[in-house]
Structures are given as C-alpha cells and as structure tokens.
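Each chain, letter by letter, is given below.
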Amino acid sequence: MPWKYGSVTLKEGSSWTDDNGIKHPTNWGIWTDTYKKDVMGLTWVDSPKTFDSEYYFGWNADESALLPKPLADLKTNKLTLAREIVQSDLSQTDWYVTRKYERDIAIPSEVSAYRTAVLTNYASLQSAINSASDIDELRALYIPTAGASQ
C-alpha cells in the first residue's frame, strides 16, 4: 500500500510538498524506509484485506472475519440473473416456437436440443442455488473448473 505524509497519500514517481513548502523529487521512492519514516515523517499504510464484494460487505473492525451479505438475498440475485440469461438465450430461438404454434412448421432438432439443454442447465443451477446452505457453497457454483465451458 502507499506511503502517507500526514493525511496525504503519496504516489510513487510523483513529487510532493511537505508542510514547510519543500517540494520533494519524483524519485523519493528510492529513499530507505528508515529515512522515509524517521527523517521525512512518512508512514506506511498496509493494504486492506481484499474480499469478494459480491458476497461480503467487508471485514469486521479487527479484520478477523468477513461480514457476509444475507444468503437469501444472494440466492435471489443469482436466481434472477440466471433467469435473465436463460430468457435472453431462449429469446433468440423463440420465433421457432411461435412458427410451430402459428403455422405448424417443425422446430429443427438442433434448436429443440439447444432449448432443452438451456432449460435443463437452468433447472440444475436453480436447484444448486436453492440447495446452497452457506455462502461458500453458493460461491463454489461460480468457480470455473478445468475443462468446463461457458
């Protein structure tokens, strides 16, 4: 994470001005850590722990545990997104269904197979989402595995 001078975050490769009006060079990053701290009065700020903001609000005050979002809300969001994707995927071939209904023209077998696969995968995902008992199980559903395709 960055070095700070008071409340100002310093950017490596950029000059900065201290409280006495002294402009320090762009190469201040080459100074030793001891010089930066003891002589220049800079402080080092550790990077905050990262987290997946899709599933967590952040860390608790002492960064010992993540604060999870409500599982029911996450499931609802995942189910809504999955439904929207399925609707979008099926909408591309809906005209075949309409044509079959209105004019009794057969739906090509590859189109029927595609639509069946989309709906079958959606049913499986819907079941898996609903069965997830915690955030880790829900997250695992969206981790790509070797050999898997979109």
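Read on for an overview of the structure. If you're wondering where the values come from, they're calculated on a predicted model, not measured in any experiment.

Considering all chains together, one arrives at five salt bridges under this definition. Asp33 is the partner of Lys36 in a salt bridge, and the nearest nitrogen-oxygen pair spans 4.0 Å. Here Lys36 and its partner Asp33 are both found in helix H1 (residues 33-39), three residues apart, which amounts to about one turn of the helix. Judged by its relative accessible area of 43%, Asp33 is partly exposed.

As for its position among the elements, Gln126 is in helix H4 (residues 109-131). Classification of Gln126 as partly exposed rests on a relative accessible area of 31%. Put simply, Gln126 and Asp89 are 37 residues apart on the chain and 16 Å apart in space, counted from C-alpha to C-alpha.

With that out of the way, let us pick up the sheet that holds strand S2 (residues 8-9). Reading across the sheet, the three strands line up as S2-S1-S5 and stay open at both edges, with antiparallel pairing between neighbours. The open sheet terminates on both sides in strands that have one partner only, identified here as S2 and strand S5 (43-44). Relative to S2, strand S1 (residues 3-5) is paired through two bridges, and the arrangement is antiparallel. Bridge pairing in S2 places Lys4 opposite Thr9.

Our focus in this paragraph is the environment of Leu10. Mapped onto the fold, Leu10 is located in the loop between S2 and strand S3 (16-17). Along the primary structure Leu10 and Trp28 are separated by 18 residues, whereas in three dimensions their C-alpha atoms are 9.9 Å apart. With sequence-adjacent residues up to four places away left out, Leu10 is seen in contact with Pro2, Trp3, Lys4, Tyr5, Trp16, Trp28 and Leu42.

So, on to the packing of helix H2 (residues 71-91) against H4. At their nearest, the axes of H2 and H4 sit 10 Å apart, and the two run at 180° to each other. Viewed along their axes, H2 and H4 adopt a mutual orientation that is roughly antiparallel. Contact residues: Lys75, Lys78, Leu79, Ala82, Arg83, Val86, Asp89 and Leu90 in H2; Tyr114, Arg115, Val118, Leu119, Tyr122, Leu125, Gln126, Ile129 and Asn130 in H4. Split by residue class, the contact of H2 with H4 holds 10 nonpolar, two polar and five charged.

Let's shift gears to the packing of aromatic side chains. Scanning all chains against the criterion turns up five aromatic pairs. When the ring of Trp3 is compared with that of Trp44, the centres are 5.3 Å apart and the planes differ by 70°; the resulting orientation is edge-to-face. Separated by 41 residues along the polypeptide, Trp3 in strand S1 and Trp44 in strand S5 bring together distant segments of the chain. Trp44 gets classed as partly exposed once you look at its relative accessible area, which sits at 40%. Arranged with centres 6.4 Å apart and planes meeting at 75°, the rings of Trp16 and Trp31 form a pair that is edge-to-face. You can see Trp16 sitting in strand S3 and its partner Trp31 sitting in the loop between strand S4 (23-24) and H1, a full 15 residues away along the chain. Trp31 shares its class with Trp16; the two are buried. Sitting over the face of the ring of Tyr142, Lys78 holds its NZ or CZ atom 4.0 Å from the ring centroid.

Between the first and last C-alpha of H2 there are 30 Å, a value that for 21 residues agrees with the 30 Å anticipated at 1.5 Å per step. Listed in full, the buried residues belonging to H2 are Leu74, Lys75, Lys78, Leu79, Ala82, Val86 and Leu90. Down the axis of H2, the smallest arc covering the buried residues is 130°, so these residues share one side. Where H2 is buried, its residues contact helix H3 (94-103), H4 and helix H5 (135-140).

Thresholds, definitions, all that
- Residues numbered from 1 in each chain as written.
- Predicted model: local features only at pLDDT ≥ 70, side-chain atom pairs only at ≥ 80, totals over all residues.
- Heavy atoms only, no water.
- Salt bridge = Lys/Arg side-chain N within 4 Å of Asp/Glu carboxyl O.
- Helix = DSSP H or I, 4+ residues; strand = E, 2+ residues; numbered from the N terminus.
- Buried < 20%, exposed > 50% of the residue type's maximum accessible area, 1.4 Å probe, protein only.
- Pairing = 2+ DSSP bridges.
- Contact = heavy atoms within 4.5 Å.
- Axes fitted to C-alpha atoms, helices over the stretch in contact; angles between N-to-C directions.
- Parallel < 35°, antiparallel > 145°, perpendicular 65-115°, else oblique.
- Nonpolar A, V, L, I, M, F, W, Y, C, P; charged D, E, K, R; others polar.
- Phe/Tyr/Trp six-rings, centres within 6.5 Å; stacked < 30°, edge-to-face > 60°.
- Lys NZ or Arg CZ within 6 Å of the ring centre and 35° of its normal.
- Expected span 1.5 Å × (residues − 1).
- Arc of directions from axis to C-beta.

Take it as geometry only, folks, not as evidence of what the structure does.
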